[in-house]
Amino acid sequence: MEIDDIASKLRDGGRIDAEEALLLYRSAPLWLLGSLACGAKRRVSGDKVYYNRNFHVEPTNICLFECRFCSYRRSRGQEGAWDYSMDEVLDIVRSRAGSGVTEVHIVGGVHPDHDLCYYAEMIRRIREIMPGVGIKAFTAVELSYMIRRAGLTAEEGLRLLRDAGMESIPGGGAEIFDEEIRRRICPQKCSSEEWLALHRTAHRLDIDSNATMLYGHIETLEHRIDHMMRLRALQDETGGFNAFIPLKFRSRGNGLSHLGETTIVDDMRTLAVSRLVLDNIPHIKAYWVMYGKQSAELALSFGADDIDGTIDDSTKIYSMAGAEDERPRLTVDEIRRMCSAAGLRAVERDTHYNEI
Ligand code: V47
Ligand code: SF4
């Protein structure tokens, strides 16, 4: 099949297979990818770009695992390690109460001691302080570890956290599903099958979620397409993913620093191809903290319809890996300006993409 035929198929709302996706990824001109992705985005969300008022809580960066791309983790006692007490976590949340935030995003390292009950208690107490807030917490990797350690099934563990107030699961820990690449970059993490199974179970329990893909390291375009295809298949089954978030590998201070970083052109092609392949995931998020503000604005012309949120200097994962903003924060006015510069309209949403 030629690129023109694939483009016509996409314009007619058709679904492309892995081979067609690869041909586009490798050979379609950038303007064509942008135009097709914008067309697909407009069919789903018109001229809207979603954002939310959110902040992150990163209770600890002490982690049992040693993913080679991670600049954030520390061992216990190592310089730069932190491990907030429950009271410190709750103080962070109290300090944000009344600021208009609608979402708390909780993510940290795989800590050797903090267990499922501790985290369920954390969620319950956050909910007491901010009753109306959406709690999006713990990657499938953290969840799989804490639930297995508690001796529960995924369903039992997720029910317990859901009953404590966890409404949604962030997309982290997916990295690259190909088993060989996964073994080389994050050998201790749960398997791809487990990651997918955990999200499948969550969706069945009415916990919605996101999915990420870490790209720009040792993987090939085939691996990226394979990753998207596995997500598309699960989404056909459950419909529980809200957003897909391609995460660009940032190279400062980790075991893969020697690889450097991929180009902005690759970033835009990746966003566009993900919008075209993942025809069943409604939102493609250009996570501005990871790209930087300028690339995030550019991303709005390549199929993204979400740029995440105000953040308000609450996450360190990306600044530690070399992202532009040492203290990431965006005001609602800045978000509106970025969207209108791209000819689009900023729309505030909650965790589940209800418009506010
Ligand atoms: O899984 C770690 C990634 C993820 C690096 O669901 C790195 O709304 C690039 O999942 N370079 C965690 N990426 C963050 C995450 C996330 C972020 C924003 C929004 C949402 C959401 C989810 O961060 C990890 C890993 O893939 N990561 N180190 C690095 N050096
Ligand atoms: Fe630990 Fe997550 Fe970093 Fe891997 S990516 S080392 S699991 S904090």
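Report follows, based on the coordinates. (Residues numbered from 1 in each chain as written. Chains lettered and ligands numbered in written order. Predicted model: local features only at pLDDT ≥ 70, side-chain atom pairs only at ≥ 80, totals over all residues. Heavy atoms only, no water.)

### As for the site of ligand 2
Near ligand 2 you find Cys-63, Phe-65, Cys-67, Phe-69, Cys-70, Tyr-72, Arg-73, Gly-109 and Lys-189, and these make up its full shell. Taken together, the residues that form the shell around ligand 2 break down as 6 nonpolar, 1 polar and 2 charged. (Near = heavy atom within 4 Å. Nonpolar A, V, L, I, M, F, W, Y, C, P; charged D, E, K, R; others polar.)

### Remarks on the state of the cysteines
Tallied over the full model, the rule gives 0 disulfides. Cys-339 takes part in no disulfide bond, and the closest cysteine sulfur, belonging to Cys-38, lies 13 Å away. In this structure Cys-339 comes out as buried when scored by relative accessible area, which is 0%. (Disulfide = S-S within 2.5 Å. Buried < 20%, exposed > 50% of the residue type's maximum accessible area, 1.4 Å probe, protein only.)

### Concerning the environment of Glu-66
As for its placement among the helices and strands, Glu-66 is situated in the loop between β2 (54-57) and α4 (86-96). On a C-alpha basis, the gap between Glu-66 and Met-290 in space is 21 Å, while along the polypeptide they are 224 residues apart. Setting aside anything within four residues of it in sequence, one finds Glu-66 in contact with Arg-73 and Gln-188. (Helix = DSSP H or I, 4+ residues; strand = E, 2+ residues; numbered from the N terminus. Contact = heavy atoms within 4.5 Å.)

### A short note on the nonpolar core
Leu-158 and Trp-195 are the most contacted members of the largest nonpolar core, which has 112 residues in total. Per-element tally for this core: the top contributor is helix α5 (residues 116-129), with 7 residues. Residues in contact with Trp-195, not counting those within four places in the same chain, are Ala-140, Gly-171, Gly-172, Gly-173, Ala-174, Phe-177, Cys-190, Asn-210, Ala-211, Leu-231 and Phe-241. (Core = buried A, V, L, I, M, F, W, Y, C linked by side-chain atoms within 4.5 Å.)

### Thoughts on the pattern of salt bridges
Under the definition given, this model contains 37 salt bridges. Here Arg-159 ties to Glu-155 by a salt bridge, and the two come within 2.8 Å at their closest N and O atoms. With Arg-159 and Glu-155 both in helix α7 (residues 154-164) and 4 residues apart, this pair spans about one turn of that helix. Judged by relative accessible area, Arg-159 falls into the partly exposed class, the value being 36%. Residues joined in a network through salt bridges with shared partners are Arg-15, Asp-236 and Asp-279. (Salt bridge = Lys/Arg side-chain N within 4 Å of Asp/Glu carboxyl O.)

### Structural notes on the site of ligand 1
The environment of ligand 1 is made up of 22 residues, and the closest members are Lys-136, Gly-173, Glu-175, Lys-285 and Tyr-318. Between an oxygen atom of ligand 1 and a main-chain N or O atom of Gly-172, the distance comes to 3.1 Å. In this structure, Tyr-318 approaches ligand 1 through a side-chain N or O atom, which is 2.8 Å from a nitrogen atom. When ligand 1 sits alone it has 610 Å² of accessible area, and the protein chains cover 95% of it. Elements that contribute at least two residues to the shell around ligand 1 include exactly β6 (208-215) and β7 (241-248). (Polar contact = N/O pair within 3.5 Å; in protein donor to acceptor, adjacent residues only side chain to side chain. Areas by Shrake-Rupley, 256 points an atom, 1.4 Å probe, with all protein chains shown as cover.)

### Considering α5
Spanning 14 residues, α5 covers 20 Å between terminal C-alpha atoms, matching the ideal 20 Å at 1.5 Å per step. Within α5, burial applies to Leu-116, Tyr-118, Tyr-119, Ala-120, Met-122, Ile-123, Ile-126 and Arg-127. Close packing links the buried residues of α5 with α4, β3 (103-106), β4 (134-137), α6 (140-149) and α7. (Expected span 1.5 Å × (residues − 1).)

### Quick notes on α7
Owing to its 3.6 residues per turn, the α-helix aligns residues three or four sequence positions apart on the same side. Among all positions in α7, only Gly-157, Leu-158, Leu-161 and Ala-164 are buried. For α7, the angular spread of the buried residues around the axis is 120°, confining them to a single face. Packed against the buried residues of α7 are α5, α6, β5 (168-169) and α9 (192-204). Directly beyond the C-terminal end of α7, a positive phi value near 125° is found at Gly-165. (Arc of directions from axis to C-beta.)

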